[in-house]
Structure formats: structure tokens, C-alpha cells
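Residue-level structural notes
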Amino acid sequence: MTSALLVLLLAVAGVACFLGARLAKSRASALRQLELESERYRELFENGLGLLCTHDLQGRLLAVNPAAARLLGYTPEELVGRSLEDFLAPDVRHLFPVYLERIRRGRTDSGLLRLQDRSGAELFWMYRNLVLEKPGAPTFVLGHGIDVTDRRRESQRLEADKQRYLRRIETQNLELELRNREVEQANRLKTEFLAAMSHELRTPLTSIIGFSDILDEDEESPLTPLQRTYLGYVRKGARHLLELINEILDLSKIEAGRLDLHPEETALDGVIPEVVETLRPLTDARQVRIARQVPPGLAVYADRVRLRQILFNLLGNAVKFSPEGGTVELTAASLGSLTCLAVADSGPGIPQDQQEQIFTEFHQVLETSSGVREGTGLGLAIVRRLVEQQGGRIWVESEAGQGSCFKFLLPASRQAQGLPPPRAHNEATAPEPERGTVLVIEDPGGEGGLSEAVLSLGCRPLAARDGREALQLLTRVRPGVLLLSLLLPDQDGFQTLLRVRADPALRDLPILALAPDDRTPPGLELLCSGPTRLLCPPPGRLREALEPELERLLGHPLAAALASSAVL
């Protein structure tokens with residue numbers, strides 16, 4: 001039994017030795033592995049490009065990697081033991097206790113750190129720090145940072161450049177405004193000078209023409225044939241000069257806003273024969289015939305005197321540019337709320353690139369059929385302004401060698417437009433505009449929502465079921481903006497828009513017209529005058545599209561926009 005016990009003890013001792021040897025070997029391997037891991041982390045800490053450090057809960061640095069120390073201009077040994085506060089920019093050091101309190105409470109912190117290096121240069125680091133706690137070991141803070149100094153300086157440089165450019169633009173805008181004022185002042189003085197000089201020149205010319213007529217008709221002291229020829233030259237030159245002065249005077253009145261227009265119901269079959277008869281000496285001299293195709297009873301709502309002036313100018317030009325024995329055609333047609341008149345000649349035509357410029361002041365493109373340039377180049381410029389000031393538009397259609405056709409639109413008679421007769425002078429004037437009110441004409445078959453969108457933007461919508469109801473409302477109220485869809489049930493919105501523009505009392509009413517891209521009526525920009533805007537809002541973004549346009553037309557920020565900015 002004793003021997004058996006001894007064998008058992010020896011076996012236990014052997015197992016213990018074996019296990020001890022295995023345990024020692026495993027422990028040595030674990031220690032070796034730990035040393036290798038520690039070495040790798042030390043290599044990463046000391047040789048990594050990231051900015052790493054540790055500090056205690058009072059802010060004293062425990063370790064700093066060489067990359068961070070190098071940026072600060074120190075060695076790691078010089079930094080260890082010093083407070084992180086020593087390296088903060090002076091104007092933010094008072095915030096260091098706040099940082100320490102924040103990291104004690106939240107156990108982590110991140111943000112932008114402003115530091116100073118050894119030379120006093122400012123550095124910017126983005127950091128993220130967290131508290132590490134290990135049992136039996138002191139608690140410390142591990143900090144990791146990224147140097148963003150170059151990026152920050154570039155941002156500051158860009159901001160400085162931006163401010164500099166903004167100041168430069170502001171200065172240029174101020175200079176431009178001053179120059180515009182100087183140009184406006186010079187233009188006003190020019191207009192006043194032309195008006196005054198035209199009056200001063202017209203008076204003696206009228207006397208010259210009058211006395212020339214008296215001399216020509218004096219039977220008691222008859223002129224010799226040679227004297228009569230010379231007197232004819234005097235009268236012709238004086239009348240030509242008087243016509244030029246009258247054109248300058250008309251243009252100066254238009255530019256100065258002193259041209260009075262008196263629109264009335266004007267029958268074309270009463271005006272056109274007068275103009276044709278006035279041009280008879282010219283047509284007889286050139287053997288040019290004026291062919292007329294004007295429906296009987298067709299009328300326009302326009303200033304009768306200025307309409308004669310428009311027709312006289314266009315027909316006179318057509319006769320001058322037509323070859324001898326040619327024909328000038330004058331046609332007129334009703335287009336609902338508008339009347340279109342056209343004057344066509346068989347002259348040399350106008351090049352495509354010159355068809356817009358001929359309506360500018362002092363611009364002459366062609367010579368007459370006799371090979372000379374006549375006039376000042378003001379006639380068509382005056383015609384265009386006279387047409388546009390009466391709510392119309394004028395343009396030319398021409399091809400080289402094929403003649404020219406000048407077409408212009410004027411408002412039809414008020415009866416043809418379905419409008420009430422014009423108010424007499426002793427009747428009440430038009431109502432004052434209600435700046436915050438938007439008259440809405442909505443398409444019942446469309447998506448709808450115009451009134452709701454207007455209301456959400458802080459405006460007061462005034463709803464009309466169709467175009468006719470809107471026109472009736474406009475005789476009693478004056479909204480700040482008319483908002484309509486170009487697709488209306490009773491008459492399309494295009495016709496409603498034209499009828500509004502044809503009314504002189506509504507010519508300046510701001511209009512915002514809505515239409516899909518694929519159903520926008522052609523020629524809208526040509527036929528619409530006044531402050532008219534065309535808007536094609538993207539699906540589902542009606543309110544966002546309406547807001548800037550209503551602000552532009554109303555001339556002030558919307559109430560909804562002001563309310564939202566006050567909350568922010």
C-alpha cells in the first residue's frame with residue numbers, strides 16, 4: 001500500500017511538473033505577444049501621421065506623439081508634463097475649464113481647436129477626445145486630431161476674396177447707378193432741348209411757308225416763271241424741314257412722357273380715306289396705286305389723330321419704296337379683341353438682320369426707289385412707340401427682293417371686346433390698386449390649387465370662375481396681380497389676357513400667366529404688353545414657383561416669407 005501511494009504521488013508530481021512547464025510556456029508566449037502588440041501600438045503612436053496625445057483629467061499631457069510635437073515646434077519630451085492650456089490661442093484659453101468639465105461629464109468631446117506653435121503662429125486642429133478607464137490604472141484622456149490649418153487658411157482667404165469682390169461689385173454698382181443717373185439727366189436735358197428747339201425752329205418755318213404761299217398766289221404782283229421755280233424750291237425745302245422737326249418734336253414728347261393720347265372708337269373706313277387722300281400728290285407723282293381691303297364697319301379703340309399719323313407714315317414709306325406704277329396694299333382684319341392692319345409694298349425688301357433695327361431712332365436701311373435716303377430715320381421709331389403706347393405691337397415681314405409687309409395690332413372696339421363703353425370724364429376714376437390682392441382665374445379642369453397657393457403665401461385671393469367674370473370684376477376692383485391659367489373653359493386665357501391688355505385702364509395691371517410648356521400659345525411675347533410674366537411651374541411645385549414671381553410683380557416681400565424669416 002505504501003508503494004502504491006508513492007507511485008501515486010510521483011504521478012501527481014509528474015503531472016504537476018508537466019502542467020507547470022506548459023503554463024510557463026503559455027505565459028511566456030502571452031507575454032511575448034503582449035510585448036509585440038505593445039510595440040506595434042508604440043510604433044503607430046510614434047511614427048503615425050495622425051496627431052495623438054494623452055492627458056489626465058486636469059489637462060496635463062502624459063504623452064504626445066512626434067507628429068503632433070513636430071507641428072507645435074517641440075519635442076515630445078518638452079511637452080510631457082505641461083498643461084494643454086499652455087498651447088491654446090490666448091483668446092480661447094479661458095474656455096479650457098469648460099472643455100475639462102465637458103469631457104468629465106460626457107466622457108467624450110470633439111470640435112475645432114485653435115493652438116499656437118512655438119513661434120506664435122496659429123494652428124487649427126479638428127479633434128475627438130475620449131476618457132479611458134482601466135481597473136487598477138489611472139484614468140486618462142486619449143486625444144486624436146487632424147491638422148486643418150491649411151484648409152482653414154484657404155477658407156479664410158477665399159472669404160476675404162469674396163468680401164473684397166463684393167465690395168468691388170458694390171462700388172461698381174454705385175458707379176453704374178451714378179452713371180445711369182447722369183445718362184438719364186443728359187437724356188432728359190436732350191429731350192427738353194429738342195422740344196424747345198423744335199418749337200423755336202417750327203415758328204419761323206411756318207412763317208416761311210405761309211409767306212411763300214402768299215407770294216405764289218399774289219395776282220397783283222405775279223412772279224416770273226424762274227422766280228416761281230425758285231419759290232417752289234423754298235416751299236418744298238421748308239415743308240420737308242418742318243416734317244423733320246415735327247418728327248423730332250413727337251419723339252421728344254414720347255420720351256419725356258408728355259404725349260397725350262385720347263383713345264376713342266375709331267372707324268377705319270373714316271380714317272383710311274383721309275390718309276389716302278392726303279398722300280394723293282405723292283401717289284400721283286409716282287403713279288402708285290393704294291389698294292384697300294378693309295371690312296366695312298371695322299373699328300379700333302385708339303387715338304384718331306395718332307392712328308392717322310401711323311397710317312400716313314407706313315403708307316408714305318410704302319409708296320416711296322415701291323417702283324413707279326406699282327401697288328401698295330392696305331388690309332385690315334378682326335382678331336377678336338385685336339384688329340390687325342397690314343401695309344405691303346413691292347419694294348426691294350429688308351434684310352433679315354435689319355428687320356428689328358429699322359424701328360430704332362435714326363436708323364435707315366434702304367434707299368427709296370429713286371436712289372436717295374429721305375428723312376431722319378425717326379418715322380418708324382415714332383410709329384412703333386405710338387402703337388405700343390396704345391396697347392399694340394408692330395413688326396415687319398420681308399425678304400430681299402420680295403417687298404415688305406408692315407403689320408401692327410391695335411385694340412379692337414370695346415364692343416367687339418365685350419367691354420363696357422369708356423367712362424365719361426365726370427365719372428368716378430378707376431379704383432385704387434389693392435396691393436395684397438390677387439385676382440385668380442383658375443382652370444376647373446386642371447390641377448387647381450391656385451387660390452390655396454396664393455393664400456398660403458400671405459396674399460388675399462379674389463376668385464373668378466372664368467375670364468368673363470374676371471373682366472367684370474376688374475371694372476369694380478383693381479387687384480395687385482392678375483393670376484390666370486392660359487387654359488380656361490369659356491374662352492382661352494390667351495384671349496382674356498389680350499382683352500385685359502386692350503383696355504387702357506388695365507394696361508399696367510401686372511399679369512402672371514400659367515401654362516404647361518407644350519401648350520403655351522405661340523406669339524405670347526409678341527402680342528402681350530405691359531408687365532406680363534409667363535410661368536410654367538414644375539409639377540407639384542406651384543407654390544415655390546409662384547412666390548418669387550408674385551414678389552416681383554407686387555414689388556414687396558410676401559407676408560408668408562416675412563413670417564417664416566421672423567421664426568428663424
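First things first, this report covers the structure right here in the doc.

Topic: the overall build of the protein
Within the protein, the regular secondary structure consists of 17 helices and 17 strands. Looking at the protein as a whole, 36% of its 568 residues qualify as buried. Contacts in the protein between residues at least 24 apart in sequence constitute 61% of all its contacts with a sequence separation of at least 6. About 33100 Å² of surface is accessible on the protein, with carbon and sulfur atoms providing 56% of the total.

As for the packing of aromatic side chains
Under the definition given, this model contains four aromatic pairs. On the numbers, 6.2 Å between centres and 85 degrees between planes, the contact of Tyr-99 with Tyr-127 is edge-to-face. A residue pair is termed long-range when its members are at least 10 positions apart, and Tyr-99 in helix α4 (residues 96–106) and Tyr-127 in strand β4 (residues 122–132) qualify at 28 residues. Look at Tyr-99 and you get buried, because its relative accessible area is 8%. For Tyr-127, a relative accessible area of 13% corresponds to the buried category. Pairwise contacts between aromatic rings join Phe-96, Tyr-99 and Tyr-127 into one cluster.

Focus: the pairing of strand β9 (residues 327–335)
By the bridge criterion, five bridges tie strand β7 (residues 289–293) to β9 in an arrangement that is parallel. Within the sheet, the bridge partner assigned to Arg-289 lies in β9 and is Thr-327. As judged from the seven bridges shared by β9 and strand β10 (residues 338–344), these two strands associate in the antiparallel manner. Directly across from Thr-331, in β10, lies its bridge partner Ala-342.

Focus: the pairing of strand β11 (residues 393–398)
Counting buried residues along β11, five of its six residues qualify, which places the element largely inside the surrounding structure. Here β11 pairs with strand β12 (residues 404–411) via six bridges, running antiparallel. Bridge pairing in β12 places Ile-394 opposite Phe-408. The antiparallel pairing of β11 with β12 creates a hairpin that spans five residues between the two strands, and Gly-401 there sits at a positive phi of about 80 degrees.

Things to note about helix α9 (residues 304–321)
Between the first and last C-alpha of α9 there are 26 Å, a value that for 18 residues agrees with the 26 Å anticipated at 1.5 Å per step. Among the residues of α9, those classed as buried are Arg-306, Leu-307, Ile-310, Leu-311, Asn-313, Leu-314, Leu-315, Gly-316, Ala-318 and Val-319. Its side-chain oxygen 3.0 Å from the backbone nitrogen of Val-305, Asp-303 forms the N-cap of α9.

Brief notes about the nonpolar core
Among the nonpolar cores identified, the biggest contains 37 residues, and Leu-311, Leu-314 and Phe-408 are the most heavily contacted of them. Where this core is concerned, the elements lending two or more residues are α7 (268–278), β8 (299–303), α9, β9, β10, α10 (379–389), β11 and β12. Ignoring any residue separated from it by four or fewer positions in sequence, one finds Leu-314 in contact with Val-343, Leu-380, Val-383, Ile-394, Phe-406 and Phe-408. Grouped together as the second largest cluster of nonpolar side chains are 26 residues, Leu-61, Leu-100, Ile-103 and Leu-115 included.

Observations regarding the pattern of salt bridges
Following the criterion strictly, the structure yields 18 salt bridges and no others. Among the salt bridges present, the one from Glu-78 reaches Arg-118, with a minimum N-O distance of 3.2 Å. Of the two residues, Glu-78 is situated in helix α3 (residues 76–79) and Arg-118 in the loop between β3 (108–116) and β4; the sequence distance between them amounts to 40 residues. Arg-308 is paired through a salt bridge with Glu-274; the nearest N and O atoms lie 3.1 Å apart. You can see Arg-308 sitting in helix α9 and its partner Glu-274 sitting in helix α7, a full 34 residues away along the chain. Looking at Arg-308, the relative accessible area reads 29%, which means it is partly exposed. Each of Glu-154, Arg-157, Asp-161 and Arg-164 takes part in one network of salt bridges that share partners.

Some thoughts on a nonpolar patch on the surface
A contiguous nonpolar surface patch, about 390 Å² in accessible area, is contributed by Leu-5, Leu-8, Leu-9 and Val-12. Its location among the elements puts Val-12 in helix α1 (residues 2–47).

What to know about the side chain of Arg-306
Positionally, Arg-306 belongs in helix α9. On the accessibility criterion, Arg-306 (14% relative accessible area) is buried. At a separation of 2.6 Å, a polar atom in the side chain of Arg-306 contacts the side chain of Gln-309.

Considering the sheet that holds strand β2 (residues 61–64)
Strand order across the open sheet formed by five strands is β2-β1-β5-β4-β3, with antiparallel pairing between neighbours. Two strands close off the open sheet at either side, each with one partner strand: β2 and β3. When strand polarity is set aside, the average angle formed by the axes of neighbouring strands in this sheet is 25 degrees. Note: β3 against β4, nine bridges, orientation antiparallel. Across the sheet, Ser-110 pairs through a bridge with Arg-128, a residue of β4.

Comments concerning the sheet that holds β10
Across the sheet, five strands lie side by side as β7-β9-β10-β12-β11; this open sheet has mixed pairing. Single-partner strands in this sheet number two, and they are β7 and β11. The average angle at which neighbouring strand axes cross in this sheet is 15 degrees, direction not considered. Sitting on the sheet, α7 touches β7, β9 and β10, and the angle it makes with β7 is about 175 degrees. In the packing of α9 onto the sheet, the strands contacted are β7, β9, β10, β11 and β12, and the crossing angle to β12 comes to about 170 degrees.

Considering α10
Side chains that are three or four residues apart share a direction in an α-helix, a result of its 3.6 residues per turn. Of all 11 residues making up α10, eight are buried, and the element is well covered by its neighbours. By the burial criterion, the buried members of α10 are Gly-379, Leu-380, Ala-381, Ile-382, Val-383, Arg-384, Leu-386 and Val-387. Looking at the residues trailing α10, positive phi occurs at Gly-391, about 85 degrees.

Details of the packing of α9 against α10
The geometry of α9 relative to α10 is characterised by a closest axis approach of 10 Å and an angle of 145 degrees between their N-to-C directions. In terms of crossing hand, the pair formed by α9 and α10 is left-handed. Between α9 and α10, the contacting residues are Arg-306, Gln-309, Ile-310, Asn-313, Leu-314 and Asn-317 on the first element and Gly-379, Leu-380, Ile-382, Val-383, Leu-386 and Val-387 on the second. Broken down by class, the residue content of the contact of α9 with α10 amounts to seven nonpolar, four polar and one charged.

Calculation notes
- Going along each chain's sequence as written, the residues are numbered from 1 onward.
- Predicted model: local features are reported for residues with pLDDT of at least 70 only, side-chain atom pairs are reported and counted for 80 or more only, and whole-chain, interface and lining totals are derived from all residues.
- Hydrogens and water molecules were not included; the side-chain quantities draw on all heavy atoms of the structure.
- Under the DSSP-based scheme used, a helix requires at least four consecutive residues in state H or I and a strand at least two consecutive residues in state E, with every element numbered from the N terminus.
- Categorising residues by exposure relies on relative accessible area from a 1.4 Å probe, with only protein chains included: less than 20% of the type maximum marks a residue as buried, more than 50% marks it as exposed, and the intermediate range marks it as partly exposed.
- Contact criterion: two residues are considered in contact whenever any of their non-hydrogen atoms come within 4.5 Å of each other.
- Residue exposure ignores everything except the shown protein chains as possible cover, and the areas themselves are Shrake-Rupley values with a 1.4 Å probe.
- Between the rings of Phe, Tyr and Trp (Trp by its six-membered ring), a pair exists once the centres lie within 6.5 Å; its type follows the angle of the planes, with under 30 degrees stacked, over 60 edge-to-face, and the other angles tilted.
- Strand pairing is defined by DSSP finding a minimum of two bridges between the two strands.
- Helix span, as expected, comes to 1.5 Å for every residue beyond the first.
- In protein, a polar contact requires one atom able to donate a hydrogen and another able to accept it; more generally it is a pair of N or O atoms within 3.5 Å, and residues adjacent in sequence count only if both atoms are side-chain atoms.
- In this text, buried Ala, Val, Leu, Ile, Met, Phe, Trp, Tyr and Cys residues form a nonpolar core when linked through side-chain atoms within 4.5 Å.
- By salt bridge we mean one thing: a side-chain nitrogen of Lys or Arg within 4 Å of a carboxyl oxygen of Asp or Glu.
- Two distance rules govern patches: like charges are joined within 9 Å, and nonpolar side chains (Val, Leu, Ile, Met, Phe, Trp, Tyr) within 5 Å, applied only to residues with over 30% relative accessible area and no salt bridge.
- Each axis is a line fitted through C-alpha atoms, taken for helices only over the stretch in contact, and angles between the N-to-C directions span 0 to 180 degrees.
- Helix crossings fall into two classes, left-handed where the near helix is turned counterclockwise from the far one by less than a right angle and right-handed where it is turned clockwise.
- Under the convention adopted here, Pro, Cys and the residues Ala, Val, Leu, Ile, Met, Phe, Trp and Tyr are nonpolar, Asp, Glu, Lys and Arg are charged, and Gly plus all remaining residues are polar.

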